[in-house]
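What the coordinates show
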Amino acid sequence: MYDPKPEHKFSFGLWTVGNIGRDPFGEPTRTQKSPVEIVHMLAEVGAWGVNFHDNDLVPINATASERDQIVRDFKQALDDTGLVVPMATTNLFSDPVFRDGAFTSNDARVRAYALQKTMNAIDLGVELGATTYVFWGGREGTETDAGKDPLAAGKWFREALNFLTGYVKDQQYDLRFALEPKPNEPRGDIYLPTVGAALAFIETLDDSEMVGVNPEVAHEHMAGLNFTHHVAQAMDAGKLFHIDLNDQAFGRYDQDFRFGSVNLKSAFFLVKLLEDNGYDNPRHFDAHAYRSSDYEDVKAFARGNMRTYLILKEKAQQFNADAEIQALLAEITQTDGTVDGFGGGFSAEKAAALQAHSFDRTAIAQRGQPYERLDQLVVELLLGVR
Ligand code: GLT
Ligand code: MN
Ligand code: MN
């Protein structure tokens, strides 16, 4: 009953299950798998979709004929397995040319090259079926603010996105953009560090209706923030085009752990938010297995992400059906009807009536708020004793 199905839209990047366990201190611990092998591995564990950066699939130095062969083989693997490509993105961070950023590099040639590389990568993504295009600006930032004007950087970033939505429209592609914020790493500070910053920036774009966000659990947690609240704000704005699910201890580097492996309770409230509100875009696990894992364990990792999500989804249904929990919620939110007339939009009459209304502040402050009881019920639900 916790088996993944296509309707769950569970996806993985080639770079997630394909992660070879390299870190800043150590060499790879797993051998490199080809994109075709990774597609088959994802099919074996029951995933629905596979995402990629241009260079996860086509090496940066590939010739045109090598590219075509790689794309043919990849399409064949998709056909053989039934996997789809919901999302694609550009690697604008690995090559040394991007050491000072891509769209926000101080070097105009780098900014132009980043546009060229992204247009080519958009073509590749669309050719393979992608309808969401992610922008994670890992190198868009600084170590020292002595060398880059943050206002100029914001202007360049905006110009780049305006150029690229123009390109998508000109090509008549069915493609939306999703900006993925992160506060730092690999840069000392990354521009547009949080979901809120990205949402505000999007409203300044020429084609803002084509641009949403791709929030990642780990990235808001790195900033010490409540991920669920940020996702809710994105949903409220109609901008939750995609989501990167994983987990992360607060205050650490970007750990990209298996979904639900660290902060189970936050994971529960996140799944509940998504499921209660009919989220229907891809659920991407942007995570990787521990460096100590072999590929059998990588498969266990991949299955674990999806299984935990589905278990939490069931727990959310249980929460909604639990009479005691619902009674407490009703008690917490119940009103006595005395202020019903003040809700909704402004009117001069309402304002006058509200100003004339007398509140028994002391009585209101004494009303019970049984959040301890409620939270303990959630804990017991999650611990499986309810
Ligand atoms: C990189 C990053 C992720 C982004 C990927 C998309 S690449 O692994 O840490 O959070 O989603 O560029
Ligand atoms: Mn991450
Ligand atoms: Mn991510």
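I will try to describe carefully the structure that is included in this document.

We now examine the site of ligand 1. Trp15, His53, Phe93, Trp136, Glu180, Glu216, His219, Asp244, Asp254 and Asp286 make up every residue found near ligand 1. Take aspartate 286: an N or O atom from its side chain is 2.8 Å from an oxygen atom of ligand 1. If ligand 1 stood free it would expose 320 Å²; the protein chains cover 91% of that surface. Here the shell around ligand 1 is composed, by residue class, of three nonpolar, two polar and five charged.

This paragraph deals with helix α6 (residues 150-171). Taking 1.5 Å as the rise per residue, α6 with 22 residues should run 32 Å; its terminal C-alpha atoms sit 32 Å apart, in good agreement. All of the buried residues in α6 are Ala153, Trp156, Phe157, Ala160, Leu161, Asn162, Leu164, Thr165, Tyr167 and Val168. Next to the buried residues of α6 lie α5 (108-127), β4 (132-136), β6 (176-180), α7 (195-202) and β8 (211-213). The residue sitting at the N-terminus of α6 and contributing the capping side-chain oxygen is aspartate 149; that oxygen lies 2.8 Å from the backbone nitrogen of leucine 151. Glutamine 172 sits one or two positions beyond α6 and adopts a positive phi of about 55 degrees.

On to the coordination of the manganese ion (ligand 2), then. Protein coordination of the manganese ion (ligand 2) is provided by Glu216 (OE), His219 (NE2), Asp254 (OD), Asp254 (OD) and Asp256 (OD), with donor distances spanning 1.9 to 2.6 Å. Here the donor residues of the manganese ion (ligand 2) are spaced in sequence according to E-x2-H-x34-D-x1-D. The metal-metal distance between the manganese ion (ligand 2) and the manganese ion (ligand 3) is 4.7 Å, with glutamate 216 serving as a donor to both. Of the two residues, histidine 219 sits in helix α8 (residues 217-222) while aspartate 256 sits in the loop between β9 (243-245) and α10 (264-276), which places them 37 residues apart along the sequence. Accessibility classification places histidine 219 together with aspartate 256 in one group, the buried group.

A cluster of nonpolar residues, Val339, Leu354, Phe359 and Ile364, forms a patch on the protein surface that exposes about 350 Å² of accessible area. Secondary-structure assignment places isoleucine 364 in helix α14 (residues 361-366). Overall, the relative accessible area of 53% leaves isoleucine 364 in the exposed class.

Turning next to the sheet that holds strand β1 (residues 10-13). Ordered in space as β8-β6-β4-β3-β2-β1-β10-β9, the eight strands form an open sheet in which the pairing is parallel. Two strands in the sheet have a free side with no partner beyond their single neighbour: β8 and β9. For this sheet, the mean angle separating the axes of adjacent strands, direction not counted, is 30 degrees. Here three bridges tie β9 to strand β10 (residues 283-285), and the two strands are oriented parallel to one another. Residue isoleucine 243 lies in a different strand from β10, and its bridge partner there is arginine 283. α6 rests against β4, β6 and β8 of the sheet, and its axis sits at about 155 degrees to β6.

How each quantity is defined
- Here, residues in each chain are numbered from 1, in the same order as that chain's written sequence.
- Working convention: letters from A go to chains and numbers from 1 go to ligands, in the order in which they are written.
- The model is predicted, so local features are restricted to residues of pLDDT at least 70 and side-chain atom pairs to those at 80 or more, both for listing and for counting; the totals for chains, interfaces and linings are taken over all residues.
- Where side-chain values are given, they derive from all heavy atoms of the structure, hydrogens and water being excluded.
- Throughout, the term near means that a residue has one or more heavy atoms lying within 4 Å of the molecule or strand in question.
- Any N or O atom pair separated by 3.5 Å or less is treated as a polar contact, with the protein-specific requirement of one donor-capable and one acceptor-capable atom, and with residues adjacent in sequence counted only for side-chain atom pairs.
- Using a 1.4 Å probe, accessible areas were evaluated by the Shrake-Rupley method; residue-level cover was limited to the displayed protein chains.
- Under this grouping Gly is polar, as are all residues other than the nonpolar Ala, Val, Leu, Ile, Met, Phe, Trp, Tyr, Cys and Pro and the charged Asp, Glu, Lys and Arg.
- Runs of H or I in DSSP of at least four residues are treated as helices and runs of E of at least two as strands, each being numbered from the N terminus.
- Given a helix with a known number of residues, its expected span is that number minus one, times 1.5 Å.
- Each residue gets one of three labels from its accessible area relative to the maximum for its type: buried under 20%, exposed over 50%, partly exposed in between, using a 1.4 Å probe on protein chains only.
- The contact criterion used is simple: two residues touch if any of their non-hydrogen atoms lie within 4.5 Å.
- Donor atoms are limited to N, O and S found within 2.8 Å of the metal ion, a distance that becomes 3.2 Å for Na, K and Ca. With water left out, some sites might look partial.
- Within the patch definition used here, like charges are joined within 9 Å and nonpolar side chains (Val, Leu, Ile, Met, Phe, Trp, Tyr) within 5 Å, considering only residues with over 30% relative accessible area and no salt bridge.
- Salt bridges, as used here, are contacts in which a Lys or Arg side-chain nitrogen is within 4 Å of a carboxyl oxygen on Asp or Glu.
- At least two bridges found by DSSP between two strands is the condition for calling them paired.
- Here, axes are lines fitted to C-alpha atoms. For helices the fit covers the stretch in contact, and angles between N-to-C directions go from 0 to 180 degrees.

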